[in-house]
Amino acid sequence: MAFKLLPLPYATNALEPHISRRTMEFHHDKHHATYVDNLNRLSEGTPYAVMSLEEIVLQTAARPEEHAIHDNAAQAWNHTEFWNSMHPAGGKTGNDIDELLTEQYGSYARFRQEFVNAATGQFGSGWTWLVLDGSRLAVISTPNAGNPLTMGKLPLLVCDVWEHAYYLDYQNRRKVFVETFLDHLANWERVASRLRDAGVMAPVLGGVRAA
Ligand code: FE
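Residues numbered from 1 in each chain as written. Predicted model: local features only at pLDDT ≥ 70, side-chain atom pairs only at ≥ 80, totals over all residues. Heavy atoms only, no water.

What about the domain arrangement of the chain?
By domain assignment, the chain separates into domain 1 (21–84) and domain 2 (93–209). If you average the C-alpha positions of domain 1 and of domain 2, the two centres end up 21 Å apart. If you look at the interface, domain 1 gives 20 residues, while domain 2 gives 22 residues. Summing the contributions of domain 1 and of domain 2, the shared interface buries around 1700 Å²; its carbon and sulfur component is 63%. (Domains from an automatic or database assignment. Contact = heavy atoms within 4.5 Å. Buried area = accessible area lost by both parts, 1.4 Å probe.)

The structure is reproduced here in structure tokens:
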């Protein structure tokens, strides 16, 4: 059973004007596809061929001799996470998320600054994440194919800061790309749903937030 490249959860032009169709086509159809192709080639005939991406990422994390399969599985997982971290009508935190960010960071603006700093401070390629670390939120960056699951942290939101994610649209301006990601694309609905599943945020019952 080969690993499959999942389709994007929206049309390739759905994130315009913030991310162009051309970027999405290259990023999903070429870059993401290559990681999936590599993973299929590397896992064929091995026990990894029947594992989930998460299992491969976790089982190979501490095994340097398996770095190629680890990196390709993690990149395949991270990209799906990135597509789902964005929404054409994203960027709106909503009351529950606002409360949580304000409680922990003082304000949404301070959280935003911390996320932008982490993304621009990541030297070279990588990923900037909002994660759940125990019962606390944390902003972290991971280099290359790094994945918070290997650190026991639950990913909530991720921005791809490899140059291929923004170079066609923003050239070297990573900061503007990350600010645009947060202001217009970040899928906070999904973050809220993960936090509810994790028991950190109260569930929504019949459209009314539980006390
Ligand atoms: Fe990427």
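Once you've had a look at it, read on.
What about the pattern of salt bridges?
Going through the model one piece at a time under the given rule, you end up with 7 salt bridges. Two residues, R194 and E81, come together in a salt bridge whose shortest N-O distance is 2.6 Å. Separated by 113 residues along the polypeptide, R194 in helix 8 (residues 188–197) and E81 in helix 3 (residues 67–84) bring together distant segments of the chain. Between E179 and K175 there is a salt bridge, and its shortest N-O distance comes to 3.0 Å. Of this pair, E179 and K175 both sit in helix 7 (residues 174–185), separated by 4 residues, roughly a single helical turn. (Salt bridge = Lys/Arg side-chain N within 4 Å of Asp/Glu carboxyl O. Helix = DSSP H or I, 4+ residues; strand = E, 2+ residues; numbered from the N terminus.)

Structural notes on the layout of surface pockets
Taken as a whole, the largest pocket holds about 280 Å³ of empty space. Around the largest pocket, the lining is made up of 18 residues, and of these L6, L53, E54, W77 and T80 lie nearest the centre. Among the secondary structure elements, those contributing two or more residues to the lining of the largest pocket are helix 1 (21–43), helix 2 (53–60), helix 3, strand 3 (154–160) and helix 8. A total of 4 residues in the lining of the largest pocket trace back to one element, the largest contributor, which is helix 3. Of the residues in the lining of the largest pocket, the class split is 11 nonpolar, 2 polar and 5 charged. Looking at which domains feed residues into the lining of the largest pocket, each of domain 1 (21–84) and domain 2 (93–209) supplies at least three. The space that makes up the second largest pocket amounts to roughly 220 Å³. Looking at the second largest pocket, it is lined by 16 residues, and the ones nearest its centre are K92, T93, G94, W188 and E189. Looking at the lining of the second largest pocket, the elements with two or more residues in it are helix 4 (94–105) and helix 8. (1 Å grid on protein atoms, 1.4 Å probe; cavity = no way out; pocket = protein on both sides within 12 Å on 5 of 7 lines; lining within 4 Å. Points joined across faces, edges and corners; volume = space filled by probe spheres on them. Nonpolar A, V, L, I, M, F, W, Y, C, P; charged D, E, K, R; others polar.)

Quick word on the packing of aromatic side chains
Aromatic ring pairs: the centre-centre distance and the angle between the two ring planes describe each pair. By the definition in use, this model includes 11 aromatic pairs. Centre to centre, the rings of Y108 and F111 are 5.9 Å apart; their planes meet at 45 degrees, and the pair counts as tilted. In this pair, Y108 and F111 both sit in helix 5 (residues 108–121), 3 residues apart, roughly one turn of the helix. When the centroid spacing of 5.3 Å and the interplanar angle of 25 degrees are considered together, the rings of Y166 and F177 count as stacked. Of this pair, Y166 sits in the loop between strand 3 and helix 6 (167–170) while F177 sits in helix 7; the two residues are 11 residues apart in sequence, bridging distant segments of the chain. (Phe/Tyr/Trp six-rings, centres within 6.5 Å; stacked < 30°, edge-to-face > 60°.)

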